[in-house]
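The primary structure of each chain is shown beneath.
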Amino acid sequence: MGLLTIGTPLPWSEAKKHAPYVREHGIVQFLNIWNRIKTRRKDHLLWGDEIEYIVVKYDDDEHRAKVSLSAHDCLEKLQILELEQIAKGHVFESSWKPEYGRYMLEGTPGVPYGYTLDDIMGVEENMVRRRQLATSLLHPGEAALTLTNFPRLGCCGFTSPYASATPDAGASLSLFIPNEAINPHARFPTLTQNIRERRGSKVSINMPIFKDKNTPSPWREPAPSCLAGHFTKCLSTAISAGCSNGQVAETAAAAKLLDKKHLPSLPEMIPDALPDHIYMDAMCFGMGCCCLQVTFQACSVEEARLLYDQLAVVTPIMMALSAGAPIFRGYLADVDCRWNVISGSVDDRTVEERSLKPLKDSKFEIKKSRYDSISNYLSPGPMYSGGCETPDVSLERLFEIPSKGMEFYKDAYNDLNTVYDPEIYAQLVAGGVDDLLAKHYAHLFIRDPLVVFQELLEQDDVLSSDHFENIQSTNWQSMRFKPPPPSMPNIGWRVEFRSMEIQLTDHENAAFAVFVVLLVRAILAFDLNFYIPLSKVDENMQRAHVRDAVHRQKFWFRRHVIGDPNRRLAVRKCQGLASTTTIGEAVYGTASVPNGIAPDDRDACDEMTADEIMNGKPSTHFLGLANLVRRYLEIQDPALGKETRARLETYIDLVSRKASGDLQTGATWMRAFVTSHADYKGDSVVSETINYDLCKAVERLADQKMVPGLNC
């Protein structure tokens, strides 16, 4: 979650009074960045990854694994090591940041990876050394695991040391998550409490239970022990906080009639809890998960916008292939991914914004949580910088030059009818921002700032971007468009790819990160066009959640992705082929497109399996993303060393085989581990013993590195 501000966070009753001020000055700060940096170009394609870890503590005598709250101590040690090296003028190989859970670590490379293909050779080794460094600073009996979700997060006694949930007190009022599990920095409990208070209730998350042979139907979970315990002073407060439909008073009144010693099941007591679903009620269930993210620096603002759009279409596919979250709160779920859990965990929309009541106190009806898939394509936009391949021309002539890829965008693709603030839109357009980018930020800025620090209200809008980032960084979408910060003049326009689940081994994490990097290069080299209506992308995001989506689901994808097969590769600065070679020749091996691709069929999208999207669908001449990446490497081959080419192929092959089903997703592997365990009763329950053995097995996978059936 990046660097944290030191200061006094305001409670929601005070913070909301400053929301208009923060929005107003946030837009002014963006406009100052925009008008200063929009002409910047010819930055190198640098990139970096972000890996998150869950630190577990083992009790080998009792066969128990719990999340370790002492991970925060390890984080402080890592940050001290980093600062000591920086003070000496050295570059520390890794950088460490806080995350939401007190039991979590976040590690990135110390500096971005270089822009050559040979620079990719060090990615996996850097990930391995990051884990080794973190592990060396842990307490005895602890391990840093790359698990998307701790399987028994929210179960009784899941923390070490022990902490109890307090459902009528604290930041989250959770039935399951103790306040001690949250990072102690003031930002995190404030974020938790302000989301709850703005929403008017706790967050509400329901994931369908996996129905095994001995799972009751309907499945109704018993009330958690904390409700009957001495930690809960006011039962009506604890229960009514889980009422998202606005009927809080009625729910509180009914709760006062309950007998603590004879409580009904969760669905019968908590309005938000659904039968046949695993109910979760706190930010920690989402933001306490781990993911794999990749950030790219583009050569210009136009290229950053192009990559934002094209990669947005791929985010659901990569989420399905990287699926790693089949267990929540000690139960097997009928989903394989975390996305909807984390989306629900920060959903601060009021009942009016969720369209449950007519608008009165709120300004907009908002269709999505703050954490969701993107709501607008940006298009490459007008030519602001001159691009990275055109000769230097005067600023007056730039708008005469079309942005690369602009010919692919159509307004029909932006079909979500996304709400935006018309006043902010007008302010942005008046400040020199084009229509699509103005609508993008006018949509993001319908949100309130969630954490406002008293000491940071007054800022220099030229030198600071804190108000802008306050809202920009709490719109957690599947892609993020990132302007250069004013305090770091060496950083260019960036995009962040955010949908992938963390993998169980460093080899898999490296493979997924590198594949996205290579796909970016193929998009730019071959002028690939992935545009489909955003409503189809949203459908794909939901399909990607489904258990074993790689085999059981189909996804919308563009049938023909080669934009202009007659464009010469020399224009795209691809090395290795003669300057007369066209994109069509490089991709298809012929100067013309294959027979069967009709001109009027260019915009068609089909439902394809993950295997077809990655490995090809011959009946429609669709090559597949993995093969397009291989074609890209072929035109680079003369400049590539044999070792580099072989290593890159292992990464492409891994993603390709995940799509074909030849290799299991992490979710499938974990589900099979649980259901084949001697202690499993066929009732969807992941017991303490199963959880312990699963964590130990995942730790061995990381040490083993290469695991047949999973990553090789």
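For the structure, see preceding data.
Residues numbered from 1 in each chain as written. Predicted model: local features only at pLDDT ≥ 70, side-chain atom pairs only at ≥ 80, totals over all residues. Heavy atoms only, no water.

Asks: Teacher, can you tell me more about the overall build of the protein chain here?
Replies: Scanning the protein chain from terminus to terminus reveals 24 helices and 17 strands. A globule of 712 residues ought to have a C-alpha radius of gyration of about 27 Å, and the protein chain, at 25 Å, matches this closely. Overall size of the protein chain, expressed as C-alpha extent along the three principal axes, is 80 × 60 × 55 Å. Here the protein chain holds 712 residues, and 62% of them are scored as buried. Across the protein chain, contacts joining residues at least 24 apart in sequence account for 77% of those joining residues at least 6 apart. Within the structure as shown, the protein chain displays about 26,200 Å² of accessible surface, and the carbon and sulfur contribution to it stands at 53%. Averaged over its 77 positive side-chain charges, the protein chain has a centre that lies 1 Å from the centre of its 92 negative ones. (Helix = DSSP H or I, 4+ residues; strand = E, 2+ residues; numbered from the N terminus. Rg over C-alpha atoms; globule rule 2.2 N^0.38 Å. Buried < 20%, exposed > 50% of the residue type's maximum accessible area, 1.4 Å probe, protein only. Contact = heavy atoms within 4.5 Å. Areas by Shrake-Rupley, 256 points an atom, 1.4 Å probe, with all protein chains shown as cover. Lys, Arg positive; Asp, Glu negative; His and termini not counted. Charge placed at Lys NZ, Arg CZ, Asp CG, Glu CD.)

Asks: Can you help me understand the packing of helix 2 (residues 19-37) against helix 13 (residues 422-430) in this one?
Replies: Helices that pack against each other are described as a pair by the angle of their axes relative to one another and the distance between those axes. Relative to each other, helix 2 and helix 13 sit at 25°, their axes nearing to 10 Å. Viewed along their axes, helix 2 and helix 13 adopt a mutual orientation that is roughly parallel. In this structure, helix 2 crosses over helix 13, and the sense of that crossing is right-handed. Within the contact between the two elements, helix 2 uses Arg23, Glu24, Ile27, Val28, Phe30 and Leu31 and helix 13 uses Ile424, Gln427 and Leu428. Along the lines of polarity and charge, the residues of the contact of helix 2 with helix 13 split into 6 nonpolar, 1 polar and 2 charged. (Axes fitted to C-alpha atoms, helices over the stretch in contact; angles between N-to-C directions. Parallel < 35°, antiparallel > 145°, perpendicular 65-115°, else oblique. Left-handed = near helix turned anticlockwise from the far one by under 90°. Nonpolar A, V, L, I, M, F, W, Y, C, P; charged D, E, K, R; others polar.)

Asks: Before we go on, may I ask you to explain the packing of helix 11 (residues 301-321) against helix 17 (residues 534-545) in this structure?
Replies: Taken N-terminus to C-terminus, the directions of helix 11 and helix 17 make an angle of 10°; their axes are 8 Å apart at the nearest point. Considering their axes alone, helix 11 and helix 17 lie roughly parallel with respect to each other. Of the residues in helix 17, those touching helix 11 at Ala312, Val313, Thr315, Pro316, Met319 and Ala320 are Val537, Asn540, Met541, Ala544 and His545. Within the contact of helix 11 with helix 17, the residues separate by chemical class into 8 nonpolar, 3 polar and no charged.

Asks: Whenever I open this one, the pairing of strand 1 (residues 47-59) confuses me. Can you help?
Replies: Residues in a regular strand point their side chains to alternate faces of the sheet. Most of strand 1 sits inside the fold, with 11 of its 13 residues counted as buried. Of the pairings in the sheet, the one linking strand 1 to strand 9 (residues 291-297) comprises 5 bridges and is antiparallel in character. By the bridge assignment, Gly48 is partnered in strand 9 with Thr295. Bridge count for strand 1 against strand 4 (residues 104-109) is 4 bridges, and the pairing is antiparallel. Residue pairing in the sheet places Ile51 in a bridge with Gly107 of strand 4. With 4 bridges joining them, strand 1 and strand 5 (residues 142-145) adopt antiparallel strand pairing. Bridge pairing links Val55 to Ala144 in strand 5. Counting the residues in the hairpin turn of strand 1 and strand 2 (residues 64-68) gives 4 residues, including His63, whose phi is positive at 55°. (Pairing = 2+ DSSP bridges.)

Asks: Help me out: how do you make sense of the state of the cysteines in this one?
Replies: Throughout this description, disulfide means a covalent bond between two cysteine sulfur atoms. The full count for this structure, using the stated rule, is 0 disulfides. Here Cys284 is not cross-linked by a disulfide; its sulfur's nearest cysteine counterpart is in Cys289, at 8.5 Å. (Disulfide = S-S within 2.5 Å.)

Asks: Which parts of the structure should I look at to understand the nonpolar core?
Replies: Nonpolar side chains in soluble globular proteins generally cluster together in the buried interior. In terms of nonpolar packing, the biggest core is built from 216 residues, with Phe296, Met318 and Phe526 touching the most fellow members. Counting residues per element, this core draws most heavily on helix 16 (residues 506-526), which supplies 16 residues. For Phe296, the contacting residues outside a window of four places in its chain are Leu45, Leu46, Trp47, Leu311, Trp493, Arg494, Val495, Phe497, Val516, Val517 and Val520. (Core = buried A, V, L, I, M, F, W, Y, C linked by side-chain atoms within 4.5 Å.)

Asks: Honestly, the pattern of salt bridges in this entry has me stumped. Any pointers?
Replies: If the charged atoms of two oppositely charged side chains come close together, the side chains can form a pair. Going through the model one piece at a time under the given rule, you end up with 41 salt bridges. With its nearest N and O atoms 3.1 Å apart, the salt bridge here joins Glu125 to Arg647. Separated by 522 residues along the polypeptide, Glu125 in helix 4 (residues 123-136) and Arg647 in helix 22 (residues 642-660) bring together distant segments of the chain. According to the relative accessible area criterion, Glu125 is partly exposed, its value standing at 29%. (Salt bridge = Lys/Arg side-chain N within 4 Å of Asp/Glu carboxyl O.)

Asks: Help me out: how do you make sense of unusual backbone geometry in this one?
Replies: Leaving glycine aside, a negative phi is the common case for residues, and trans is the common case for peptide bonds. Omega for the peptide link from Ser160 to Pro161 comes to 0°, which places this bond in the cis form. Here Pro161 is to be found in the loop between strand 6 (159-160) and helix 5 (187-199). A cis amide bond, omega 0°, links Ser217 with the succeeding residue Pro218. If you trace the backbone, Pro218 turns up in the loop between strand 7 (205-208) and helix 6 (225-228).

Asks: When you look at the packing of aromatic side chains in this model, what are you seeing that I'm missing?
Replies: Centre distance and the angle of the planes are the two values used to describe a pair of aromatic rings. Enumeration according to the criterion identifies 25 aromatic pairs in this entry. Note on Phe481 and Trp493: the rings are 5.6 Å apart at their centroids and 20° apart in plane angle, and the pair reads as stacked. Here Phe481, found in strand 14 (residues 479-482), pairs with Trp493, found in the loop between strand 14 and strand 15 (494-501); they are 12 residues apart in sequence, far enough to count as distant. Taking the relative accessible area as the measure of exposure, Phe481 reaches 1% and is therefore buried. Look at Trp493 and you get buried, because its relative accessible area is 0%. Taking 5.5 Å as the distance between ring centres and 50° as the angle between the ring planes, the aromatic pair formed by Phe530 and Phe557 counts as tilted. Taken together, the residues Phe530 in the loop between helix 16 and helix 17 and Phe557 in strand 16 (residues 555-558) connect sequence positions 27 residues apart. Note on accessibility: Phe530 and Phe557 belong to one class, buried. (Phe/Tyr/Trp six-rings, centres within 6.5 Å; stacked < 30°, edge-to-face > 60°.)

Asks: Would you mind going over helix 4 with me for this structure?
Replies: Along an α-helix, a turn takes 3.6 residues, which lines up residues three or four apart on a common side. Between its first and last C-alpha, helix 4 extends 20 Å over 14 residues, near the 20 Å set by a 1.5 Å rise per residue. Taken together, the buried positions of helix 4 are Val123, Glu124, Asn126, Met127, Val128, Arg130, Arg131 and Ala134. (Expected span 1.5 Å × (residues − 1).)

Asks: In this structure, what is going on with the environment of Pro140? I would like to understand it.
Replies: Mapped onto the fold, Pro140 is located in the loop between helix 4 and strand 5. Residue classification places Pro140 among the exposed residues on the basis of a relative accessible area of 69%. Spatially, the C-alpha atoms of Pro140 and Cys243 are 42 Å apart, while their sequence positions differ by 103 residues.

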